[in-house]
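Take a look at the letters that make up each chain.
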Amino acid sequence: MGTLCMILGRSGSGKSTSLRNFKRDEVGVFAVAGKRMPFKSSGENALQVAYNVGYDAINKAIARNTRRAYVIDDATYLMAFDNFSRAKEVGYDKFVTMAVSFENLLKTASSGTDDDTITYFLMHPEFSESGREKPRTIGKMLDQQLCVEGMFPIVIDCETRIGDDGRPRHVFVTQNDGYNLAKTPMGMFAHDEMDNDLKAVDTAIREYWGMRPITEGKTDNKEKANG
């Protein structure tokens, strides 16, 4: 069974930028909204990204499990685009269908992959009137009957801090403060905050749970990132 990890943050908080240290053969990236990566990636180690993909393509690629790491950037748009495509449909059934589609993707990424595979869901948050955070979803079914964040053993929050030089920097928050959703196993990360480096997160998870290295015996540079 694979591992799910949610990276939760507002637009511009460093979610996509956190992929910058992955190499071509290490991760399969699905850019749901078709956005280019916000960093230079060229040469033989340039990330291969599948752009403008939906549930069907992502499910099929992850189910083949030819890689040990997958990133869905941004998984929130899967629900948003599905909702827009059904804008003229009436009744509650469409919300059930949308919820089931996302829940099936969670199942594919967990029970449909092997013990050494991690799937990262990059998602946008929304906030209650009291300031408490949750992943943004469509309709109430996922929130009330599933609790999306409960499916993830690891949730990392993206924040922006002002550094000593007065410039903003992006960080990952690994522990809950009562308002965010951050949660990580005890001792997995040395600090409550770290650089927004998803490759470093991947390494820490594998070392903590004794998972195989990200590329060991799995893929080579000729394989497509979405396969």
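Structure: see above.
Residues numbered from 1 in each chain as written. Predicted model: local features only at pLDDT ≥ 70, side-chain atom pairs only at ≥ 80, totals over all residues. Heavy atoms only, no water.

> Would you mind going over the overall build of the protein in detail, with residue names and values included?
Counting secondary structure elements, the protein contains 5 helices and 10 strands. For a compact globule of 227 residues, the expected C-alpha radius of gyration is about 17 Å, and the protein comes in at 17 Å, within 12% of that figure. Going through the 227 residues of the protein one by one, you find that 50% of them count as buried. In the protein, the proportion of contacts linking residues at least 24 apart, taken out of those at least 6 apart, comes to 67%. Looking at the protein as shown, the accessible area adds up to about 11300 Å², and 48% of this sits on carbon and sulfur atoms. Looking at the protein, you have 30 positive and 32 negative side-chain charges, and the mean spots of the two groups are 5 Å apart. (Helix = DSSP H or I, 4+ residues; strand = E, 2+ residues; numbered from the N terminus. Rg over C-alpha atoms; globule rule 2.2 N^0.38 Å. Buried < 20%, exposed > 50% of the residue type's maximum accessible area, 1.4 Å probe, protein only. Contact = heavy atoms within 4.5 Å. Areas by Shrake-Rupley, 256 points an atom, 1.4 Å probe, with all protein chains shown as cover. Lys, Arg positive; Asp, Glu negative; His and termini not counted. Charge placed at Lys NZ, Arg CZ, Asp CG, Glu CD.)

> Tell me about the sheet that holds strand β1 (residues 3–8), residues and numbers included.
An order of β3-β2-β4-β5-β1-β8-β9-β10 is seen for the 8 strands of this open sheet, with the pairing classed as mixed. The two strands at the open ends of the sheet, each matched to only one other strand, are β3 (49–51) and β10 (193–195). Within this sheet the neighbouring strands show an average axis-to-axis angle of 25°, counted without direction. The pairing of strand β2 (residues 28–31) with β3 spans 3 bridges and is parallel. Bridge pairing links F30 to A50 in β3. On top of the sheet, helix α1 (residues 55–64) reaches β2, β4 (69–73) and β5 (118–123); it is set at about 170° to β4, its chief contact. (Pairing = 2+ DSSP bridges. Axes fitted to C-alpha atoms, helices over the stretch in contact; angles between N-to-C directions.)

> Would you mind going over the nonpolar core in detail, with residue names and values included?
Formed by 29 residues in total, the largest nonpolar core has its most connected members in L19, Y120, L198 and V201. Secondary structure elements with two or more residues in this core: β1, β2, β4, β5, β8 (154–162) and α5 (198–209). With 4 residues, α5 is the largest single contributor of residues to this core. Once residues lying within four places of it in the same chain are set aside, the contact partners of L198 are I7, S18, L19, F22, V71, Y120 and F172. Within the second largest apolar cluster, 28 residues are counted, among which are M6, F102, L105 and L142. (Core = buried A, V, L, I, M, F, W, Y, C linked by side-chain atoms within 4.5 Å.)

> Outline the environment of A69, listing residues and values.
Its place among the elements puts A69 in strand β4. Through-space distance from the C-alpha of A69 to that of I214 is 6.8 Å; in sequence the pair is 145 residues apart. If sequence neighbours within four positions are ignored, A69 has contacts with E26, V27, G28, I118, Y120, D202, R206 and I214.

> Explain the packing of aromatic side chains to me, using residue names and the numbers behind them.
For the coordinates displayed, the defined rule picks out 5 aromatic pairs. When the ring of F102 is compared with that of F121, the centres are 6.1 Å apart and the planes differ by 75°; the resulting orientation is edge-to-face. Of this pair, F102 sits in helix α3 (residues 93–110) while F121 sits in strand β5, and the two are 19 residues apart along the sequence. Under the relative-accessibility criterion, F121 is labelled buried at 0%. An angle of 85° between the planes, with centres 5.3 Å apart, marks the rings of F121 and F152 as edge-to-face. Residue F121 is found in strand β5, and its partner F152 is found in the loop between α4 (141–146) and β8; the two are separated by 31 residues along the sequence. On the accessibility criterion, F152 (0% relative accessible area) is buried. Taken together through their ring pairs, the aromatic side chains of F102, F121 and F152 make up a single cluster. (Phe/Tyr/Trp six-rings, centres within 6.5 Å; stacked < 30°, edge-to-face > 60°.)

That's the geometry; what it means functionally is another story.
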